[in-house]
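# Examination of the molecular architecture
Each chain is listed here by its residues.
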Amino acid sequence: MTLSPPDSIHSGTTKGRPSRPAKPQEAEPAPAPGVASISHLASKLAEYLTPAELKKVKEAYRFSDEMHLGQVRKSGEPYISHPIAVAEICADWKLDAQAIMAALLHDVIEDQDVKKEELLERFGPQVANLVDGLSKLEKIEFQSVVEAQAENFRKMLLAMASDVRVILIKLADRLHNMRTLGVMAPAKKRRIAGETMEVYVPIAHRLGLNDIYRELQDLSFSHLYPLRYRTLAKAIKAARGNRREVVKKILDAVKNQLAAVGIHAEVYGREKTLFGIYKKMRNKHLSFSQVLDVYGFRVVVDTVPNCYVALGTLHALYKPMPGKFKDYIAIRKINGYQSLHTTLIGPYGTPVEFQIRTQEMHRTAESGVAAHWLYKTGDQNMSDLQQRTHVWLQSLLDIQQQTGDSAEFLEHVKVDLFPDSVYVFTPKSKIIALPRGATPLDFAYSIHTGIGDHTVSVKINHEPAQLRTELHNGDIVEIETDPNSRPSPTWLSFVRTGKARSAIRHYLRTINLNESVELGQELLSQALGQLGIRGEIQQTTIEKLLSESSAKSMEELYADIGIGKRMPALVARHIFGLMDNPVDTVPTQPSSSPELDPVTIYGSEGVSVQLAPCCLPIPGDQIIGQLRRDQGLVVHTGDCSQAKRLRNKEPDRWIAVQWGTELNRRFDCRIRLLINNEKGILARVAAEIGESDANITYVGMDEDDEHMMTQLRFTIQVKDRVHLAHLIRNLRRVAGVNRVERERT
């Protein structure tokens, strides 16, 4: 989906205007602007800020009010009402004076062309940096709207990594914009709501800001699917009366039972969010009448031991549903959330969900990372939450350092924002949280990039396993490394986390840069040749190409082609269109033969050129090449069944390739033998392979007791197709061997 600029909701004004104050936007007639007041915000701030800090906040308000003078929102309100509302949300979290000032000033750079230097001089470096981190990039020209918006998010997330207050203010900004989205055109509402659901909702969840997370979800739902939202809201309203008696009965029973065992607790019912109910209906294909657990209950006690006592008390009162208990106290969620969850069969057979937690857990559950400002108690729970948040924010910086462009950075971060998690253990019993679907390689990279890069094998629960194995809750993962091991491009097909993906791509992009550049240069030369373009490209054409392709140099462009990120045919056509006098260079009938200038393969190019594991081509085979994104050139045999399927899907990614004449290495190949199940046969076969000057790298076997036969599977290393044919002839002469054939998948 296309991301819209985060703050485009409220402003109908022209960006970067040369003079201030701004003129009112020329839109449909709006109500007469009211008067925005800071008095309510000031009373909130007076509860926890010093008079000196409050004075600075008022200075920031006056400056913002002056900058936005004459500017109105779509609703007709003075524009300054929006920064005030954002600051009030931040004040609810008890954010410090600098953050409140930044909230009041958050649009002055973007909308009013105020320079960062001016803010630095007036309000100090902290406020200036916060506002700068909140402002979008207006001065850089991007190739597409998607690229520009991806860069905006990259900047915001990196600013957040250095100061988490950036994202807290941004979330407050987005929350107020979503609350006032009703005046926008339907198409714009859907675009902004979709962006909120895709980016801001997961960030709020990742930071543990559950109140905002739930409200943003419901607000986005109401604008994305207004009819469904209204229908569901009406159904819930009608059901409240019918279920009120059940809720009261459960509340009374739970309070009495807990009091009887001496536990002082706050017990209250809560209605699940509309979006939560809708998601359950959609995922489980239920009607509203089939969703029985619309209400949930919270039990808040004083200590952790009493959480478990309360759990036992509830299980004695109502029967628990099997498989519906989760202990997030012993193993907290990745965002710091802690509670006991259990689902019980309540009165009239209705499933009822209970969450049991302490007061401290409840504060963290509702306010997440903002609890650092709300409750400065200094207890271990809060510091642990801050530490977890810091680790995640630091990972953003690691991903940025290893990422090629903004769109890729955003792709990696969105993967890590995926809310579902699995919890696995190191051999020393440390808990590691990973996204659902993560593999041992994700685990290795989450510990350290160096461990991931040098991973060779893994044990899961003390048993050897494949690197692509999906991890599950409770798995004990042990990584084995080798300093000579390096990342493989095939890893990109199964790693799950943004950190692992960016680290692997970084390796492929940098460590093997020369290989990628050489391959890219050859591929582009081939593509230009097919258009009839020969010889050197003019410098003016190169400069135009680089400026329009966002590449910094031809070397970077070649590398992108070499790793499959750019299509050589498309780049060649782009060059043709940029040439000053293409008629003098290009024949009237450019060659369209796919056999023109095939890329020569020697098998020793490194990771830029791979021999496909499905068919394992060897010299002498007819071959064809596929350009795969971030994996470079993958070479298949001409008759490979998998290649035929892939070629039908993406025909433009296939190019002509040929074997070189001087090949000084051996190539893997699979053979299959059907042998008699008799003594000494394996030794005779292995000896014949050795005498035929071939190496064995893998042996597998399947026995057929009924027919007294065994199937042997070897991966061997041979020089070429002639060498393989000689080996097969020799093996067929071994006593006890019934059939030998080359194995293909």
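Residues numbered from 1 in each chain as written. Predicted model: local features only at pLDDT ≥ 70, side-chain atom pairs only at ≥ 80, totals over all residues. Heavy atoms only, no water.

This next bit is on the overall build of the protein chain. Check the secondary structure of the protein chain and you find 29 helices and 19 strands. Among the 745 residues that make up the protein chain, the fraction classed as buried is 52%. Here the contacts in the protein chain between residues at least 6 apart in sequence split such that 71% fall between residues at least 24 apart. For the protein chain, the exposed area adds up to about 35,200 Å²; of that, 52% sits on carbon and sulfur atoms. (Helix = DSSP H or I, 4+ residues; strand = E, 2+ residues; numbered from the N terminus. Buried < 20%, exposed > 50% of the residue type's maximum accessible area, 1.4 Å probe, protein only. Contact = heavy atoms within 4.5 Å. Areas by Shrake-Rupley, 256 points an atom, 1.4 Å probe, with all protein chains shown as cover.)

A cluster of basic residues, Lys 284, Lys 324, Lys 326 and Arg 436, forms a positive patch at the surface. Structurally, Arg 436 can be placed in the loop between strand 7 (431–435) and helix 19 (440–447). (Patch = residues over 30% accessible without salt bridge, like charges linked within 9 Å, V, L, I, M, F, W, Y side chains within 5 Å. Salt bridge = Lys/Arg side-chain N within 4 Å of Asp/Glu carboxyl O. Lys, Arg positive; Asp, Glu negative; His and termini not counted. Charge placed at Lys NZ, Arg CZ, Asp CG, Glu CD.)

A few words now on helix 10 (residues 186–206). In this model, helix 10 (21 residues) spans 29 Å end to end at C-alpha, consistent with the 30 Å of a helix rising 1.5 Å per residue. The buried fraction of helix 10 is high, at 15 of 21 residues. At the exit of helix 10 stands Gly 208, carrying a positive phi of roughly 75°. (Expected span 1.5 Å × (residues − 1).)

So, on to the nonpolar core. Ranked by size, the top nonpolar core spans 72 residues in total, and within it Leu 105, Leu 119 and Leu 232 carry the most contacts. When near neighbours in sequence (up to four residues on either side) are disregarded, Leu 105 contacts Ala 60, Phe 63, Ser 64, Leu 119, Phe 123, Val 127 and Val 131. By size, the runner-up hydrophobic cluster in this structure holds 52 residues, among which are Leu 545, Met 554, Ile 575 and Leu 727. (Core = buried A, V, L, I, M, F, W, Y, C linked by side-chain atoms within 4.5 Å.)

Another point: the side chain of Asp 621. Relative to the helices and strands, Asp 621 resides in the loop between strand 12 (609–611) and strand 13 (623–628). Residue Asp 621 is classed as buried on the basis of its relative accessible area, which comes to 4%. At a separation of 2.3 Å, a polar atom in the side chain of Asp 621 contacts the side chain of Arg 721. Once residues within four sequence positions are removed from consideration, Asp 621 is found in contact with Leu 616, Thr 637, Trp 659, Arg 721 and Arg 742. (Polar contact = N/O pair within 3.5 Å; in protein donor to acceptor, adjacent residues only side chain to side chain.)

Below, the discussion takes up the packing of aromatic side chains. Counted under the stated rule, the structure contains 9 aromatic pairs. Seen from their ring centres, Phe 297 and Phe 354 are 5.3 Å apart, and the 25° between their planes marks the pair as stacked. Here Phe 297 is found in strand 2 (residues 295–301), whereas its partner Phe 354 is found in strand 5 (residues 351–358), with 57 residues between them in sequence. With centroids separated by 5.6 Å and ring planes inclined at 80°, the aromatic side chains of Trp 659 and Phe 667 adopt a geometry described as edge-to-face. For Trp 659, a relative accessible area of 14% puts it in the buried group. Cluster of aromatic residues (ring-pair linked, three or more members): Phe 221, Tyr 225, Tyr 229, Phe 275 and Tyr 278. (Phe/Tyr/Trp six-rings, centres within 6.5 Å; stacked < 30°, edge-to-face > 60°.)

Take the confidence of the model for the protein chain next. Reading predicted coordinates in detail is not appropriate for stretches of low pLDDT. With 76% of its residues at a pLDDT of at least 70, the protein chain reaches an overall mean of 77. Per-element confidence in the protein chain is highest for helix 29 (residues 721–732), whose mean pLDDT is 93, and lowest for helix 26 (residues 582–585), whose mean pLDDT is 46. Low pLDDT, under 50, characterises residues 1–34; the predicted model gives this stretch 99 contacts beyond four residues in sequence or across chains. Note on residues 372–383: pLDDT under 50 across the span, and 23 contacts to partners over four residues away in sequence or across chains. (pLDDT = per-residue confidence, 0-100.)

Taking strand neighbours across the sheet as the criterion, the 3 strands line up as 9-8-10 in an open arrangement whose pairing is antiparallel. Strand pairing shows two members of the sheet lacking a second neighbour, strand 9 (463–465) and strand 10 (477–481), which therefore form its edges. Neighbouring strand axes in the sheet, compared pairwise and without regard to direction, differ in orientation by 35° on average. On top of the sheet, helix 19 reaches strand 8 (455–460) and strand 10; it is set at about 75° to strand 10, its chief contact. (Pairing = 2+ DSSP bridges. Axes fitted to C-alpha atoms, helices over the stretch in contact; angles between N-to-C directions.)

In terms of residue burial, strand 5 counts as a mostly covered element, since 8 of its 8 residues are buried. Here strand 5 shows two buried faces, one formed by Pro 351, Glu 353, Gln 355 and Arg 357 and the other by Val 352, Phe 354, Ile 356 and Thr 358. Note that strand 4 (residues 340–345) and strand 5 share 6 bridges and pair antiparallel. Bridging from a neighbouring strand, Ile 345 pairs with Pro 351 of strand 5. Where strand 4 hands over to strand 5, the hairpin turn is made up of 5 residues, of which Tyr 348 adopts a positive phi near 65°.

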